[in-house]
Amino acid sequence: MKPRTITPRSAGAELFTDPRTRALLSHTGSTTCLLERLLEERVNVHTMEVSRAAVDRTCPEAAAPLGLPAAAPVLVRRTTLAVARHQVSRNLVLAPLGRLPWAERLLRSCDTPLGPHLPQPHERHPLGLGLDSWGPGRAAVSRWYLVIDPGSARPALFIRETFNPDLFDPSTTCP
């Protein structure tokens, strides 16, 4: 698998040539709702995994933003979002175990999109965007962010979304 290349948030979505890709990467609301508008189809959730693991064994770059030591336990949820004919995205969501019961309950609700069920009002804090691997030799756009708990202002969820390059072109203006 090709190593992930991180484009700093300050570089922004404007580096991507496709307007739909730019809209997706710069969107700050529910990804599921935006995907349904862009694709004009209902998006379905397919859960691949819900498990417990140490953050450093699952996604080491999530430890610092979540305020966790490397070996801290997290609840891991891996899903795909799909429409009738295409897989739309692959998603990794982490919640620190024992921090916020609502976050753990939400990750365990296997076939439910997260966005529409987050507590309101909540904040999404962008961490980065860039390119990831969709498969051998296929780049895909990816973004990662935190969902901040409205009650405690603590990081509740780390989310990394990688989007199907057949639907969201990863081409950039950079050589």
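Treat the numbers as computed from the prediction; the structure is a model and nothing was measured.

### Some thoughts on the confidence of the model for the protein chain
And step 1. In this model, the protein chain carries a mean pLDDT of 87, and residues with pLDDT of at least 70 account for 93%.
And step 2. Per-residue pLDDT stays below 50 along residues 1-10; that stretch engages in 19 contacts with residues further than four places along the chain or on separate chains.

### A look at the pattern of salt bridges
And step 1. All told, the structure shown has six salt bridges when counted by the stated rule.
And step 2. Put simply, E61 and R160 hold a salt bridge, and the shortest N to O gap is 3.1 Å. In this pair, E61 sits in the loop between α3 (55-58) and α4 (63-66) while R160 sits in strand β7 (residues 155-163), placing the two residues 99 residues apart along the sequence.
And step 3. Looking at R160, the relative accessible area reads 13%, which means it is buried.
And step 4. For R108, the salt bridge is made with E104, and the minimal N-O distance between the two is 3.5 Å. Taken together, the residues R108 and E104, both in helix α5 (residues 101-108) and four residues apart, mark about one turn of the helix.

### Concerning unusual backbone geometry
And step 1. In this structure, E40 is a non-glycine residue whose phi angle is positive, near 55°.
And step 2. Along the chain, E40 falls in the loop between α2 (31-39) and β2 (44-54).
And step 3. On the accessibility criterion, E40 (72% relative accessible area) is exposed.
And step 4. Of note, the phi angle at A153 is positive, near 65°, even though the residue is not glycine.
And step 5. Looking at the secondary structure, you find A153 in the loop between β6 (138-148) and β7.
And step 6. Given a relative accessible area of 59%, A153 falls into the exposed group.

### Examining α5
And step 1. Taken as a whole, α5 has its buried residues at W102, A103, E104, L106 and L107.
And step 2. At its buried positions, α5 is contacted by β2, β3 (73-82), β4 (87-96) and β7.

### Some thoughts on the packing of aromatic side chains
And step 1. The tally for this structure, following the rule as stated, stands at one aromatic pair.
And step 2. Geometry around W134 places R90 over its ring, the cationic atom sitting 3.7 Å from the centre.

### Focus: the pairing of β6
And step 1. Across the 11 residues of β6, nine count as buried, placing the element largely inside the fold.
And step 2. Where strand β5 (residues 123-135) folds back on β6, the antiparallel hairpin that results is connected by two residues, among which G137 adopts a positive phi of roughly 70°.
And step 3. Where β6 and β7 come together, seven bridges link them in antiparallel fashion. In the strand pairing of β7, Y145 is matched with I159.
And step 4. Linking β6 to β7, which pair antiparallel, is a turn of six residues; within it A153 sits at a positive phi near 65°.

### Some thoughts on the nonpolar core
And step 1. Counting residues in each nonpolar core, the largest one holds 17 residues, and the members touching the most others are L35, V88 and F168.
And step 2. Tallying contributions element by element places α2 first for this core, with three residues.
And step 3. What V88 contacts, discounting residues up to four positions off in sequence, is L35, L39, L81, A82, V83, W134, T162, F163, N164, L167 and F168.
And step 4. Judged by nonpolar contacts, the second largest core, of 16 residues, contains L97, A103, L106 and V147.

Rules used throughout
- Residues numbered from 1 in each chain as written.
- Predicted model: local features only at pLDDT ≥ 70, side-chain atom pairs only at ≥ 80, totals over all residues.
- Heavy atoms only, no water.
- pLDDT = per-residue confidence, 0-100.
- Contact = heavy atoms within 4.5 Å.
- Salt bridge = Lys/Arg side-chain N within 4 Å of Asp/Glu carboxyl O.
- Helix = DSSP H or I, 4+ residues; strand = E, 2+ residues; numbered from the N terminus.
- Buried < 20%, exposed > 50% of the residue type's maximum accessible area, 1.4 Å probe, protein only.
- Phe/Tyr/Trp six-rings, centres within 6.5 Å; stacked < 30°, edge-to-face > 60°.
- Lys NZ or Arg CZ within 6 Å of the ring centre and 35° of its normal.
- Pairing = 2+ DSSP bridges.
- Core = buried A, V, L, I, M, F, W, Y, C linked by side-chain atoms within 4.5 Å.

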